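# Examining the three-dimensional arrangement
Residue-level listing of the chains:
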Amino acid sequence: DWRKPLKASNEKSILVSGMAMIDNGSALLVVGSTQGSGSNDLDGIMAKLSSNNGSFASEGDGSRSVAYFSSVSGDDDWILNVCADPDNDTYVYIVGATAGQMDESVPKPDYDATVHATISKINVSTLTIEWTTQFAVRHASGTTTIGAASVALGCAAISGRDRIYIAGNVENGAILEGSTESAGGDDIFVAMLEKGTGEKIWTKQVGSNGNDRIARGGGIVADANGNARSEEHTSELQSRQY
C-alpha cells in the first residue's frame, strides 16, 4: 500500500532491526542503527510512522517522530529489537547493546572494553527513555579489560504482571553478570525485570559446548501463564524452553 525510504539526517543509511505497532495500530515504530551525526560511532535510531500512509507520525506537545539512542560516553550503540506492552500502550521496550554507558545511573569505567546488552523503556509519544538497564559481561579470562560482548535480541512483556523478559547472546565464552562460567562458545541468556523500574529479578546464562544463539525477531515470547519460551539455534542441534 505504501513504501517509506528511511535515512538519517546526515544522509547515512539505517539498518532496520525491528518494528512494533503502537497507538492502537495507527502508528508503526521502526527501530535500527545508523552512523551517528557528526561522528563515526554507531547510534540506535527510532522512527514513528503512520500505518495509514507511512508519513512521520507526531501528535501533541513534546511529541517526536524520530529519536536517537546514544550513550553518554559516545561509544557504539545498537537497537536490535522492540516489543510493545500489552497492558500499557504508552510505552514500548527496546533492546540492543552498547559499548559505552547509556546514562549516569549505570557506571561503566573507561577501562571496561566490553559490550553490554541493554534494555530501555521508551515513552511512545516523546520517544524519551524512562529507564535503561545494562547487562555487564566479562571476558572468558575473568577481566573486563579485554573485549567481550553480551547483546539483547528479544523481549516480551508479560500480560497482567509488572514483569518483562529479555533474551540475547553472550559471545565467545564470556560470562554475564550473575553467572559463574560459560558453557563454551556462544551462550544464550534470559532475564526477568520489573517493567516499572528496570530492576533485575533474575538472569540465567545457558548453552551447550557448541555455539547457541537466540533467534532474531521473536526469539522469546511469554505464554498465557507468564512463562518464557525461547527459540534458539545451536551447533549441537539441541533445543530448549524456559
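Use the structure listed above.
Presented here is a report on the structure given in the accompanying data block. Keep in mind the model is a prediction, meaning the values are calculated, not measured.

## Considering unusual backbone geometry
In this structure, Asn 24 is a non-glycine residue whose phi angle is positive, near 55 degrees. Along the chain, the position of Asn 24 falls in the loop between strand S1 (14-22) and strand S2 (27-35). For Asn 24, a relative accessible area of 75% puts it in the exposed group. Its identity is not glycine, yet Asn 172 carries a phi of approximately 55 degrees, on the positive side. With respect to the helices and strands, Asn 172 occurs in the loop between strand S11 (163-170) and strand S12 (175-176).

## With respect to the environment of Ala 136
With respect to the helices and strands, the residue Ala 136 is situated in the loop between strand S8 (129-135) and strand S9 (137-138). A relative accessible area of 28% places Ala 136 in the partly exposed class. Along the chain, Ala 136 and Glu 177 lie 41 residues apart, while their C-alpha atoms are 5.5 Å from each other. Setting aside anything within four residues of it in sequence, one finds Ala 136 in contact with His 116, Leu 176 and Glu 177.

## Observations regarding the sheet that holds strand S6 (residues 91-98)
Within the open sheet, the 4 strands sit side by side as S5-S6-S7-S8. Their pairing is antiparallel. Taken across any chain shown, the strands that pair with only one partner, and hence form the sheet edges, are strand S5 (77-84) and S8. Across the sheet, the mean angle separating the axes of adjacent strands is 20 degrees when strand polarity is ignored. Sheet topology places S6 next to strand S7 (residues 116-123); 8 bridges connect them, and they run antiparallel. Across the sheet, Thr 98 pairs through a bridge with His 116, a residue of S7.

## Describing the sheet that holds strand S14 (residues 200-206)
Read from one edge of the open sheet, 4 strands run S10-S11-S13-S14, paired in antiparallel fashion. At either end of the open sheet lies a strand with only one pairing partner, and these are strand S10 (150-157) and S14. Neighbour-to-neighbour, the strand axes of this sheet turn through a mean angle of 20 degrees, independent of strand direction. One ladder, built from 7 bridges, connects S10 with S11; its direction is antiparallel.

## Some remarks on the pattern of salt bridges
Within the structure shown, the criterion is met by 5 salt bridges. Residues Lys 195 and Asp 87 are paired through a salt bridge, measuring 3.4 Å at the closest nitrogen-oxygen approach. Linking Lys 195 in the loop between strand S13 (187-194) and S14 with Asp 87 in the loop between S5 and S6, this pair joins segments that are 108 residues apart in sequence. Here Lys 195 falls in the buried class, since its relative accessible area comes to 5%. Residue classification places Asp 87 among the partly exposed positions, given a relative accessible area of 43%.

About the cut-offs
For every chain, the first residue of its written sequence is number 1, and the numbers climb from 1 along that sequence. With the structure being a predicted model, the display of local features is reserved for residues of pLDDT at least 70 and the display and counting of side-chain atom pairs for 80 or more, all residues being used for whole-chain, interface and lining totals. Computation of side-chain values: all heavy atoms of the structure, hydrogens and water removed. Each helix corresponds to a stretch of at least 4 residues labelled H or I by DSSP, and each strand to a stretch of at least 2 residues labelled E; elements are numbered beginning at the N terminus. Exposure categories follow from relative accessible area, calculated using a 1.4 Å probe and restricted to protein chains: below 20% of the type maximum is buried, above 50% is exposed, and the middle band is partly exposed. The contact criterion used is simple: two residues touch if any of their non-hydrogen atoms lie within 4.5 Å. Strands are treated as partners if at least two bridges between them are detected by DSSP. Under this scheme, a helix contributes an axis fitted over its contacting stretch, all axes are lines through C-alpha atoms, and angles between N-to-C directions fall in the 0 to 180 degree range. The term salt bridge refers to a side-chain nitrogen of Lys or Arg lying within 4 Å of a carboxyl oxygen of Asp or Glu.

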